[in-house]
Amino acid sequence: MLHTNFCNNGFPDSADKSHGGEAARWCVVQTHQHSESLAERHLLSQNFRTYLPKRMRTVRHARRVRTVSSAYFDCYLFVSLAVHQQSWYPINSTVGVRKLVMSKGMPVPAPYGVVESLISATDEDGILHPDILLRPGQKIRIIDGPFSDQLGVLDHVGSAGAVRILLDIMNRSTPITIDRDKLSIVS
């Protein structure tokens, strides 16, 4: 769920809110397993803006079936930072946080528009509905697995988290089925 200050119109402020002249960007925080909500609470108490997309899933335990919300991306959440203006060092020692994803000693911001499009597909309860983002005919890049970095066309969006993509392999459209978290939309 997006936790931030709300404007008068009820919509959250964008992540590019300026901090002393620098635009804030969404950065990725890796959490301990099943500690996404805990890490989010503690980051909020330190006045960091966070976004934790969630999904509904069915849990079966001891002959009981329940539907619960859980993190859409296991062990990850997003925090809005103006890297050169804000002190981001406390994030790594926050309860529930494993580490801030970094490169060359600096937090790595998510590509422009990625988190913003996830936020736009999130309902008021914080549940992410990725089918809003995915439409048949869109250009797709596979980001993980044996077809990594291959481009294709989205053919079908399944309800169980899988999508069918048409890849051009040896001058033939070949359908493959892949989890939707292993692809990105090519704009």
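J.: Quick one: what's the story with the sheet that holds strand E13 (residues 151-157), residue by residue and with numbers?
T.: With antiparallel pairing, the five strands of this open sheet are ordered in space as E15-E14-E13-E12-E16. Because the sheet does not close on itself, it has two edges, and the strands there are strand E15 (172-179) and strand E16 (183-185). For this sheet, the mean angle separating the axes of adjacent strands, direction not counted, is 45°. Bridging between strand E14 (residues 162-169) and E15 involves eight bridges; their strand directions are antiparallel. Bridge pairing links Ala162 to Asp179 in E15.

J.: Can you break down the nonpolar core residue by residue, with the values?
T.: With 15 residues, the main nonpolar core has Val29, Val79, Leu81, Ile91 and Leu100 as its most contacted residues. It is strand E8 (residues 76-81) that contributes the most residues to this core, three residues altogether. Residue contacts for Ile91: discarding those within four places in its chain leaves Val29, Leu43, Phe48, Val79, Leu81, Val97 and Leu100. Counting residues in each nonpolar core, the second largest holds 12 residues, with Trp26, Val28, Val115 and Leu133 among its members.

J.: An account of the packing of aromatic side chains is requested, with residue identities and associated values reported.
T.: Taken as a whole, this structure holds five aromatic pairs when the rule is applied. Clustering of aromatic rings is evident, with ring pairs tying together Trp26, Tyr51, Tyr72, Phe73 and Phe78. Stacked on the ring of Tyr112, the Lys or Arg Arg25 has its end atom at 3.7 Å from the ring centre.

J.: Can you tell me about the environment of His32, naming the residues and giving the values?
T.: Here His32 shows up in the loop between strand E4 (25-31) and helix H1 (36-45). The sequence separation of His32 and Gly96 amounts to 64 residues, and the corresponding C-alpha distance is 5.6 Å.

J.: Hey, could you go over a nonpolar patch on the surface for me, with residue numbers and the actual values?
T.: Together, Phe147, Ile169 and Met170 make up an exposed nonpolar region whose accessible area comes to about 310 Å². Within the secondary structure, Phe147 sits in the loop between strand E12 (139-142) and E13. According to the relative accessible area criterion, Phe147 is partly exposed, its value standing at 32%.

J.: Describe in detail H1, supporting the description with residues and values.
T.: Buried within H1 are the following residues: Glu36, Ala39, Glu40 and Leu43. What you see down the axis of H1 is that its buried residues fit within an arc of 100°, all on one side. Away from its buried face by more than 90 degrees, H1 exposes Arg41 and Ser45.

Rules of the game
Residues numbered from 1 in each chain as written. Predicted model: local features only at pLDDT ≥ 70, side-chain atom pairs only at ≥ 80, totals over all residues. Heavy atoms only, no water. Pairing = 2+ DSSP bridges. Helix = DSSP H or I, 4+ residues; strand = E, 2+ residues; numbered from the N terminus. Axes fitted to C-alpha atoms, helices over the stretch in contact; angles between N-to-C directions. Core = buried A, V, L, I, M, F, W, Y, C linked by side-chain atoms within 4.5 Å. Buried < 20%, exposed > 50% of the residue type's maximum accessible area, 1.4 Å probe, protein only. Contact = heavy atoms within 4.5 Å. Phe/Tyr/Trp six-rings, centres within 6.5 Å; stacked < 30°, edge-to-face > 60°. Lys NZ or Arg CZ within 6 Å of the ring centre and 35° of its normal. Patch = residues over 30% accessible without salt bridge, like charges linked within 9 Å, V, L, I, M, F, W, Y side chains within 5 Å. Areas by Shrake-Rupley, 256 points an atom, 1.4 Å probe, with all protein chains shown as cover. Salt bridge = Lys/Arg side-chain N within 4 Å of Asp/Glu carboxyl O. Arc of directions from axis to C-beta.

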